[in-house]
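Given next are the chains, with one letter for each unit.
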Amino acid sequence: MNFEIPPGLTDLLQEFTVAVLRERPRDLIKFAAEYFNKLYEDRPEGPMVNFASPDLNDEPMQTEDSEDDEPMPDPPKNRYQRRKSVSAERYDPEADDEEGDKRMVYPKSDEQRKRLNEAVKNILLFRSLDEEQMQEIIDAMFEKKVEVNEHVIDQGDDGDNFYVIDSGTYDIFVALEEQGPSKCVGSYDNQGSFGELALMYNMPRAATIIATSTGSLWAMDRQTFRRIVLKNAFNKRKMYETLLESVPMLKTLEPYERTNVADALQSRTYEDGYQIIQQGDAADYMYFVENGEVRIAVKADSEESEKEVNTITKGQYFGELALLTKKA
């Protein structure tokens, strides 16, 4: 399976990223909705961009008028278009063979591992990784010392590493026009991460990051980032979509709607004997069993003890009735 990048997607994501860095909204989802709604309303009338149909031989479609068509002129060349050549590089999680990859391990002292664990614990990208994958992340990251005024990354360059801040302060600069001046749109103060967009979407760096003090960063190379972070996200989504397909109440959903539900799922781990929900509590979530067994017990008003009514396993779910009926 190959993922086709439609024309204009790279520029669209880069412009949106610049707007987020410039405005720094409190509610990112609301900001994104308003941003793209305004963009949709203000767009000029013109031809729509469609995904091309897959062709196994990658041969152009021939028509009767093909011979009479004039060749398309080459697009204008500039610094940003040259650097965007990385966009042609596609990553196919299904075709990625982990066994053929050499895993990177950078030796670290106990003190370094402690600092790194502290630095990555709140990184959103790592939220869905299990303990073994997190240890692989820790092993694969290497320390980079920076000096005052050092450019960690430059807008327009190809993405090479993902960075997590261990210490130091850093300013974020964005040039809104190709040859225009850069404007400081934000900063990092001894925490945070950056550089993932260029690795995730095969796009040039969307901003320049300059150190304003001496500091330390943890870096991870492109291949390791993709193999662990992107492939894990792909496998999780595929697993969740398969799980959701077996839920009767969700069978009427369109594939894209089921994908949205899969992306909204969050993995949680419970110890044996932990009480996940209690009869009478307000409803908050619907739960799907990813692994293990869940015991369901009900207590009648006239009874003092609970009575086990069911045990559910992998692929089954509970908690939906309270959400549907809005009852505890």
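Owing to the predicted nature of the structure, the values given are computational and were not obtained by experimental measurement. (Residues numbered from 1 in each chain as written. Predicted model: local features only at pLDDT ≥ 70, side-chain atom pairs only at ≥ 80, totals over all residues. Heavy atoms only, no water.)

## Looking at the environment of Gly195
Then step 1. Mapped onto the fold, Gly195 is located in the loop between β6 (193–194) and α6 (196–201).
Then step 2. For the pair formed by Gly195 and Ala219, sequence separation is 24 residues and the distance between their alpha carbons is 9.6 Å.
Then step 3. Beyond its immediate sequence surroundings of up to four residues, Gly195 is in contact with Asn161, Phe162 and Arg205. (Helix = DSSP H or I, 4+ residues; strand = E, 2+ residues; numbered from the N terminus. Contact = heavy atoms within 4.5 Å.)

## Description of the nonpolar core
Then step 1. Membership of the largest hydrophobic core comes to 19 residues, with the highest contact counts inside it found for Val120, Phe126, Ile137, Met141, Phe162 and Val164.
Then step 2. Of all the secondary structure elements, the ones that give two or more residues to this core are α4 (110–120), α5 (131–140), β3 (161–167), β8 (215–221) and α7 (222–245).
Then step 3. Counting residues per element, this core draws most heavily on α7, at four residues.
Then step 4. The residues touching Met141, leaving out its near neighbours within four places in the chain, are Tyr106, Lys108, Leu116, Val120, Phe162, Val164, Trp218, Ala219 and Met220.
Then step 5. Core analysis: the next-biggest nonpolar cluster, separate from the first, contains 17 residues, Val152, Val174, Val185 and Phe194 among them. (Core = buried A, V, L, I, M, F, W, Y, C linked by side-chain atoms within 4.5 Å. Buried < 20%, exposed > 50% of the residue type's maximum accessible area, 1.4 Å probe, protein only.)

## Points about the pattern of salt bridges
Then step 1. A complete count under the given rule lists ten salt bridges for this structure.
Then step 2. Notably, a salt bridge pairs Arg115 with Glu143, separated by 3.2 Å at the nearest N-O pair. Here Arg115 is found in helix α4, whereas its partner Glu143 is found in strand β1 (residues 142–146), with 28 residues between them in sequence.
Then step 3. Given a relative accessible area of 22%, Arg115 falls into the partly exposed group.
Then step 4. Taking the relative accessible area as the measure of exposure, Glu143 reaches 24% and is therefore partly exposed.
Then step 5. Ionic pairing is found between Glu308 and Arg295, a salt bridge with its closest N-O pair at 3.1 Å. (Salt bridge = Lys/Arg side-chain N within 4 Å of Asp/Glu carboxyl O.)

## Side note on the packing of α4 against α5
Geometrically, a packed helix pair is captured by the angle between its two axes and the distance between the axes.
Then step 1. α5 packs onto α4 with a crossing angle of 120° between their chain directions and a minimal axis gap of 10 Å. By the angle class used here, α4 and α5 are oblique. α5 is crossed by α4, and the crossing has right-handed handedness. On the side of α4, the interface is formed by Arg113, Leu116, Asn117 and Val120, while α5 contributes Met134, Gln135, Ile138 and Asp139.
Then step 2. In terms of residue class, the contact of α4 with α5 is made up of four nonpolar, two polar and two charged. (Axes fitted to C-alpha atoms, helices over the stretch in contact; angles between N-to-C directions. Parallel < 35°, antiparallel > 145°, perpendicular 65-115°, else oblique. Left-handed = near helix turned anticlockwise from the far one by under 90°. Nonpolar A, V, L, I, M, F, W, Y, C, P; charged D, E, K, R; others polar.)

## With respect to the sheet that holds strand β2 (residues 151–153)
Then step 1. As summarised here, the arrangement of the four strands in space is β2-β7-β4-β5, forming an open sheet in which the pairing is antiparallel. Of all strands in the sheet, those with a lone pairing partner are β2 and β5 (182–189), marking the two edges. Pairwise comparison of adjacent strand axes, ignoring direction, gives a mean angle of 30° for this sheet.
Then step 2. Pairing geometry for strand β4 (residues 169–175) and strand β7 (residues 208–211), over four bridges, is antiparallel. Paired with Asp171 across the strands is Ile210, a residue of β7. (Pairing = 2+ DSSP bridges.)

## Quick notes on the sheet that holds β1
Then step 1. As summarised here, the arrangement of the four strands in space is β1-β8-β3-β6, forming an open sheet in which the pairing is antiparallel. Each edge of the open sheet is held by one strand with a lone partner, namely β1 and β6.
Then step 2. Sitting on the sheet, α7 is in contact with β3 and β8, with an inclination near 70° to β8.

## So, α7
An α-helix turns once every 3.6 residues. As a result, residues three or four positions apart point the same way.
Then step 1. For α7, spanning 24 residues, the distance from its first C-alpha to its last is 33 Å, which sits close to the expected 34 Å at 1.5 Å a residue.
Then step 2. Where α7 begins, the side chain of Asp221 points an oxygen toward the backbone nitrogen of Gln223, at a separation of 3.0 Å. (Expected span 1.5 Å × (residues − 1). Polar contact = N/O pair within 3.5 Å; in protein donor to acceptor, adjacent residues only side chain to side chain.)

## So, the confidence of the model for the protein chain
Then step 1. With 79% of its residues at a pLDDT of 70 or more, the protein chain shows a mean pLDDT of 77.
Then step 2. The lowest-confidence element of the protein chain is helix α3 (residues 79–83), averaging 34 in pLDDT; the highest-confidence one is β7, averaging 96.
Then step 3. Below pLDDT 50 for its whole length, residues 52–70 participates in two contacts with residues either more than four positions away or in separate chains.
Then step 4. Within the model, the stretch residues 72–88 combines pLDDT values under 50 with 24 contacts to residues more than four positions away or in other chains. (pLDDT = per-residue confidence, 0-100.)

## Some points on unusual backbone geometry
Then step 1. The phi dihedral of Asn149 is positive, around 70°, even though this residue is not glycine.
Then step 2. Examined against the element boundaries, Asn149 turns out to sit in the loop between β1 and β2.
Then step 3. For Asn149, a relative accessible area of 58% corresponds to the exposed category.
Then step 4. A positive phi is found at Asn190, a non-glycine position, where the angle reads about 65°.
Then step 5. Along the chain, Asn190 falls in the loop between β5 and β6.

## Looking at the packing of aromatic side chains
Then step 1. Summed over all chains, the structure comprises 14 aromatic pairs.
Then step 2. Between Phe16 and Phe36, the aromatic rings sit 5.0 Å apart at their centres with planes inclined by 35°, giving tilted as the arrangement. A residue pair is termed long-range when its members are at least 10 positions apart, and Phe16 in helix α1 (residues 9–23) and Phe36 in helix α2 (residues 28–42) qualify at 20 residues.
Then step 3. Overall, Phe16 belongs to the buried group, its relative accessible area being 15%.
Then step 4. Classification of Phe36 by relative accessible area gives partly exposed; the value is 30%.
Then step 5. Each ring, one from Tyr106 and one from Phe142, has its centre 5.2 Å from the other, and the planes form 50°; the classification is tilted. In this pair, Tyr106 is assigned in the loop between α3 and α4 and Phe142 in strand β1, connecting sequence segments 36 residues apart.
Then step 6. The partly exposed category is assigned to Tyr106, whose relative accessible area is 29%. (Phe/Tyr/Trp six-rings, centres within 6.5 Å; stacked < 30°, edge-to-face > 60°.)

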